[in-house]
Amino acid sequence: WVLAKFTDRARRALEHAAEEVDRLGGRSMGTGAMLLGVLREGGDIGAEVLKTLGVEADALREQVQQLLPVQSPHAPFTERARGLREDVQRLALQLL
C-alpha cells in the first residue's frame, strides 16, 4: 500500500495508530486504533467530529486495548481496518 497517496496528516494519523497498537501490546491495527491515531493527530475534521461526539482518547484507548489480540512484533491491519483503508484510498483518488 502506498502512503504517498495520503495527506501528511493522514500518514501521521496512521503512524500514531501503529504506535498505539505497539504501546497497547496488540498484534494488528483495527479501526479503534485508527480512531486513536486520528484523535492523536488532531486538527482535522475527523478529530473534531470525534471530540464533538464526546470521544475521549483515554476512554477509547481502554476500549481498544480490550479488543486487541495478543502481542506480536508487527501490527498488520485487521480485515475490517484494511477495508476502511481501501475505502479511504478510493475516496482520496476520486478527489484528486
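Bear in mind that the values here come from a model prediction, so they are computed numbers and not experimental data. Counting starts from 1 at the beginning of each chain's written sequence and moves along it residue by residue. In keeping with the predicted nature of the model, local features appear solely for residues at pLDDT of at least 70, side-chain atom pairs appear and are counted solely at 80 or more, and the whole-chain, interface and lining totals rest on all residues. Where side-chain values are given, they derive from all heavy atoms of the structure, hydrogens and water being excluded.

*Asks:* What should I look at first to understand the overall build of the chain in this one?
*Replies:* Within the chain one finds 5 helices and 0 strands. Only DSSP runs of H or I reaching four residues or more are called helices, and only runs of E reaching two or more are called strands; each is numbered from the N terminus. Ordered by position from the N terminus, the helices and strands of the chain form the series α-α-α-α-α. Note on exposure labels: buried denotes an accessible area under 20% of the residue type's maximum, exposed denotes more than 50%, and partly exposed covers the range between, all computed with a 1.4 Å probe on protein chains only. When the 96 residues of the chain are sorted by exposure, 32% land in the buried category. Long-range contacts, defined as pairs at least 24 residues apart, comprise 66% of the intrachain contacts of the chain with a sequence gap of at least 6. By definition, residues are in contact when any of their heavy atoms lie within 4.5 Å.

*Asks:* When you look at the environment of Val 55 in this model, what are you seeing that I'm missing?
*Replies:* Looking at the element boundaries, Val 55 is found in the loop between helix 3 (45–52) and helix 4 (57–67). Under the relative-accessibility criterion, Val 55 is labelled partly exposed at 27%. A sequence separation of 16 residues divides Val 55 from Leu 39, and the C-alpha atoms of the two residues are 8.8 Å apart. Filtering out sequence-adjacent residues up to four positions away, Val 55 remains in contact with Leu 39, Leu 50 and Leu 60.

*Asks:* How should I be thinking about the confidence of the model for the chain in this particular structure?
*Replies:* When pLDDT drops low, the exact placement of atoms in the prediction is not to be read closely. A residue's pLDDT is the predictor's confidence in that residue, given on a scale from 0 to 100. Of all residues in the chain, 86% attain a pLDDT of 70 or more, and the chain-wide mean is 77. When mean pLDDT is compared element by element in the chain, helix 1 (residues 8–24) scores highest at 86, while helix 5 (residues 79–95) scores lowest at 77.

*Asks:* Sorry, what's going on with the environment of Lys 51 here?
*Replies:* For Lys 51, the position within the fold is in helix 3. Accessibility expressed as a relative area gives 45% for Lys 51, which makes it partly exposed. Spatially, the C-alpha atoms of Lys 51 and Leu 39 are 8.1 Å apart, while their sequence positions differ by 12 residues.

*Asks:* What is the right way to look at the side chain of His 16 in this model?
*Replies:* By the element assignment, His 16 lies in helix 1. The exposure class of His 16 is buried, given its relative accessible area of 17%. Polar contact is the term for a pair of N or O atoms within 3.5 Å; when the atoms are in protein, one must be able to donate a hydrogen and the other to accept it, and sequence-neighboring residues count only if both atoms are side-chain atoms. A polar contact of 3.1 Å, which involves the side chain of His 16, links it to the side chain of Glu 41. When sequence neighbours within four positions are dropped, the list of residues in contact with His 16 reads Gly 37, Arg 40 and Glu 41.

*Asks:* I tried to follow helix 5 on my own but got confused; where do I start?
*Replies:* Along an α-helix, a turn takes 3.6 residues, which lines up residues three or four apart on a common side. One less than the residue count of a helix, multiplied by 1.5 Å, gives the span that helix is expected to have. Compared with the 24 Å implied by 1.5 Å per residue over 17 residues, the 25 Å span of helix 5 between its first and last C-alpha is a close match. Ala 81, Arg 85 and Gln 89 are the residues of helix 5 that are buried. Seen end-on, helix 5 carries its buried residues on one side only, within an arc spanning 80°. Exposed residues pointing more than 90 degrees away from the buried face of helix 5 are listed as Glu 79, Arg 80, Leu 91 and Gln 94. Taken together, the buried residues of helix 5 touch helix 2 (31–41). In this description, the arc belongs to the directions extending from the helix axis to the C-beta atoms.

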